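Okay, here's what each chain looks like letter by letter:
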Amino acid sequence: MRIFFGIAEAREGFLIHQAAQNKCISIENEKITAKSCNPMTDNQRWRWTQYNQLQNILNQTCLSVRETAVDWVRLKLSTCNRHNKYQVWVCVNDLVRLNGTILNVNYGNAEGRDNVVLYQGTYQFSKWKVYGENVRVCEKRPQVQAGKGFLIYNIAHDKCISIENENITTRSCKPFIDNQRWRWTQYNQLQNILDQTCLSVRETPVNWVRLKLSTCNRHDKYQLWVCVNDFVRLNGTILNVNYGNPQGGGNVVLYEGIQGWSKWRVFGEDVRVCEERKATSTPGGNTTTPFTRTLHTTTVTTPPWGNTTTPSPVTSPTTAATTPGANTTTPSPTTSPTTTAQADKGFLIYNIAHNKCISIENEKITAKSCKPLTDKQRWRWTQYNQLQNILNQTFLSVREMPVDWVRLKLSTCNRHDKYQVWVCVNDLVRLNGTILNVNYGNAQGRGNVVLYQGIKMWSKWRVYGEDVRVCEKRKATSTPGGNTTTPSPTTLPTTTVTIPPWGNTTIPSLATPPTTTATSTRGGNTTTTYPTTLPTTTATTPGGNMPTIPSLATPPTTTATSTQGGNTTTPSPAIPIDWRPTSLTDPSTEKVDTKSDKGILYALYKEAREYIKYYVQ
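What to know about the overall build of the protein
Here is step 1 of the chain: When you go through the protein residue by residue, the secondary structure sums to one helix and 56 strands.
Here is step 2 of the chain: Classification of the 617 residues of the protein by burial places 43% in the buried group.
Here is step 3 of the chain: Within the protein, contacts between residues separated by at least 24 positions form 51% of all contacts whose residues are at least 6 apart in sequence.
Here is step 4 of the chain: Of the roughly 32300 Å² that the protein leaves accessible, carbon and sulfur atoms contribute 48%.

Points about the environment of Gln60
Here is step 1 of the chain: For Gln60, the location among the structural elements is in the loop between β5 (54–56) and β6 (62–65).
Here is step 2 of the chain: Here Gln60 falls in the partly exposed class, since its relative accessible area comes to 35%.
Here is step 3 of the chain: Taking the C-alpha atoms as reference points, Gln60 and Cys80, separated by 20 residues in sequence, lie 7.9 Å from one another.
Here is step 4 of the chain: Beyond its immediate chain neighbours, meaning those up to four positions away, Gln60 contacts Arg47, Gln55 and Cys80.
Here is step 5 of the chain: A distance of 2.9 Å separates the side chain of Gln60 from the backbone oxygen of Ile57, its partner in a polar contact.

Observations concerning the packing of aromatic side chains
Here is step 1 of the chain: Following the criterion strictly, the structure yields five aromatic pairs and no others.
Here is step 2 of the chain: An angle of 15 degrees between the planes, with centres 4.1 Å apart, marks the rings of Trp208 and Tyr255 as stacked. Residue Trp208 is located in the loop between β18 (198–201) and β19 (211–214), and its partner Tyr255 is located in strand β23 (residues 253–255); the two are separated by 47 residues in the primary sequence.
Here is step 3 of the chain: Above the plane of the ring of Trp48 lies Arg141, whose end atom (NZ or CZ) is 4.3 Å from the centre.
Here is step 4 of the chain: A cation over an aromatic ring shows up here: Arg277 above the ring of Trp184, its NZ or CZ 3.8 Å from the ring centre.

Overview of the pattern of salt bridges
Here is step 1 of the chain: Applying the stated criterion across every chain, the model contains eleven salt bridges.
Here is step 2 of the chain: A salt bridge links Lys31 to Asp114; the nearest nitrogen and oxygen atoms lie 3.5 Å apart. Here Asp114 lies in the loop between β10 (104–106) and β11 (117–119) and Lys31 lies in strand β3 (residues 31–35), a separation of 83 residues in the sequence.
Here is step 3 of the chain: Look at Lys31 and you get partly exposed, because its relative accessible area is 30%.
Here is step 4 of the chain: For Asp114, a relative accessible area of 34% gives the class partly exposed.
Here is step 5 of the chain: Put simply, Lys140 and Glu133 hold a salt bridge, and the shortest N to O gap is 3.2 Å.
Here is step 6 of the chain: Owing to a relative accessible area of 30%, Lys140 belongs among the partly exposed residues under this scheme.
Here is step 7 of the chain: Residue Glu133 is classed as partly exposed on the basis of its relative accessible area, which comes to 42%.
Here is step 8 of the chain: Among the charged side chains, a salt-bridge network with shared partners connects Asp94, Lys129 and Arg136.

So, the state of the cysteines
Here is step 1 of the chain: What the rule picks out here adds up to eight disulfides.
Here is step 2 of the chain: Here Cys91 is linked by a disulfide to Cys138, with a sulfur-sulfur distance of 1.9 Å. Around the S-S axis, the bridge from Cys91 to Cys138 shows a dihedral of about 85 degrees and counts as right-handed. Taken together, the residues Cys91 in strand β8 (residues 89–92) and Cys138 in the loop between β12 (129–130) and β13 (150–154) connect sequence positions 47 residues apart.

Observations regarding the side chain of Asn56
Here is step 1 of the chain: Residue position: Asn56 is located in strand β5.
Here is step 2 of the chain: Given a relative accessible area of 0%, Asn56 falls into the buried group.

Section: the side chain of Asn351
Here is step 1 of the chain: Here Asn351 lies in strand β31 (residues 347–351).
Here is step 2 of the chain: The class of Asn351 is buried, set by a relative accessible area of 1%.
Here is step 3 of the chain: Those residues in contact with Asn351 that lie beyond four places of it in its chain are Lys356, Met457, Trp458, Ser459, Lys460 and Trp461.

Considerations on the pairing of strand β32 (residues 356–361)
Here is step 1 of the chain: Direction of pairing for β31 relative to β32: antiparallel, over a ladder of two bridges. When the bridges of β32 are listed, Tyr350 appears paired with Cys357.
Here is step 2 of the chain: Once β31 ends, the chain turns through four residues before running back antiparallel as β32, passing Asn355 with a positive phi of about 55 degrees.
Here is step 3 of the chain: Examined bridge by bridge, β32 and strand β33 (residues 364–368) share five bridges and lie antiparallel to one another. Residue pairing across strands places Ser359 opposite Thr366, the latter belonging to β33.

Remarks on the confidence of the model for the protein
Here is step 1 of the chain: Predicted confidence across the protein gives a mean pLDDT of 73, with 66% of residues reaching 70 or more.
Here is step 2 of the chain: Counting interchain partners and residues more than four positions distant, the pLDDT-below-50 stretch residues 1–9 has one contact.
Here is step 3 of the chain: Residue range residues 279–343 is modelled with pLDDT below 50. Its contacts to residues more than four positions away, or to other chains, number 118 contacts.

Brief notes about unusual backbone geometry
Here is step 1 of the chain: In this structure, Glu30 takes a positive phi of about 70 degrees despite not being glycine.
Here is step 2 of the chain: Positionally, Glu30 belongs in the loop between β2 (23–28) and β3.
Here is step 3 of the chain: In this structure, Trp72 takes a positive phi of about 75 degrees despite not being glycine.
Here is step 4 of the chain: Note that Trp72 resides in the loop between β6 and β7 (75–78).
Here is step 5 of the chain: The exposure class of Trp72 is partly exposed, given its relative accessible area of 26%.

The rules behind the values
Residues numbered from 1 in each chain as written. Predicted model: local features only at pLDDT ≥ 70, side-chain atom pairs only at ≥ 80, totals over all residues. Heavy atoms only, no water. Helix = DSSP H or I, 4+ residues; strand = E, 2+ residues; numbered from the N terminus. Buried < 20%, exposed > 50% of the residue type's maximum accessible area, 1.4 Å probe, protein only. Contact = heavy atoms within 4.5 Å. Areas by Shrake-Rupley, 256 points an atom, 1.4 Å probe, with all protein chains shown as cover. Polar contact = N/O pair within 3.5 Å; in protein donor to acceptor, adjacent residues only side chain to side chain. Phe/Tyr/Trp six-rings, centres within 6.5 Å; stacked < 30°, edge-to-face > 60°. Lys NZ or Arg CZ within 6 Å of the ring centre and 35° of its normal. Salt bridge = Lys/Arg side-chain N within 4 Å of Asp/Glu carboxyl O. Disulfide = S-S within 2.5 Å. Pairing = 2+ DSSP bridges. pLDDT = per-residue confidence, 0-100.

Here's what the structure looks like:
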């Protein structure tokens, strides 16, 4: 007798296991139930088809539904039919769900009576894994060939966008048919796998205009798409990809509606279409991945208005992960991701009202059709909150005194030039310390980008192709010493002086809040400039030196200086002293000779009281 020792022959398929009752889905006399798991019996083994069906290994039939899909309806086996919507399954975490519904495969509830049923519950009796592997059921789905794209699926119609005789319409989803498969390019275009053409618009984008396929052209603004939640939107418009309205005539069209017929997902994955964007390789081997940045706010105390919340000019820097052979920047995932431009190549400043970007034309600053790969439209932030043009390394500035309709210009970099410092208030790009915003389109501007205090659409700007605010492109800036400095918002300091009869009083400083600049020194230490408390002035009278009183001069700044040992010394503000004359118990009623020493002191005292009364209000 010949005895063979070894492992069992590898068997096709996998078992679908429920941990709550430690059972696997099984076929028993054509009834679908759950039994103790037995990996060697084919009536418990399943495989995925290319059409997202679950096929049983025993009899090659597919998992289906007996009747209309509702709670507690029993599952059954049917001849596999890729057009049968009741045979298409998707996964949501550990749930196995009938496609296009919220009903999950379930076993163990009393209503099911020992049958595997559909139920919208999401607890343990609806959770399934692959037996012996502890992975989700959908992870056994056969992988689509790399680079073969994805299907764009509308749940309301249970159909996918498809190319039929050069018309763009929808059909029953067929995952392995290239006329339904798409991929993202690095320029935010949707390219069809079948003929390598890009999704575009037949004419001027308005409601009900049909989509078409065109030769891919990265400069064609009608080939650029963004996502807003489940909507696939033509960039720079409010028009979404739509199917099913009578006005569309059976075609996929553009429409500003936001109901179910305009919502699209990735077929079989239940994720948004833009989540299929992937890291794009750039020349040189670097890989960039889109991410979102959250705009923070900071509270600044400014007299006489109190607390004011303004957008911070600082965003969180990205974290770079370095791998052998190629540098990879992998920031956090995104809702509406976009492919970023090559590192340090800046961004475009885009006005949606005109569908144009700020551009340099013969040293004139105007707005033109957006061209992402031309440097005269690309900008970057410096560490001093300046906007620098990529083409000639000059800075956005103002031609003269900033008033309404003054034109912008380009100037040589000067971090001390207050007319080169910009901040953001929502979508407005504002000259620091003013209420004047970057504006384009008004007749007074005569085709130039100007300053104007209006806050309507012609003053609102976004980052082209990313739909984020301009200030969200601020990043941590590397200094010559290799250290990294991040511009920080500053809070206007307060000064405490002792004034009778109220005691300690906090007075907002009259100085304009300075920008705190962290400067890298040779030893890696930093020097920081802060405003100081009000200085004191000594009044001299015939009787000699009198006690000091707060000066009305503008408060100077005190510089913290880095020492050789790396320590930082900061001059301490002088402690205010009580300069109230002890004999002047009731200065408001006492009659004083204004020429006497006491009278001079009283006059100084009254002056200080008026100062406090005015600025504390």
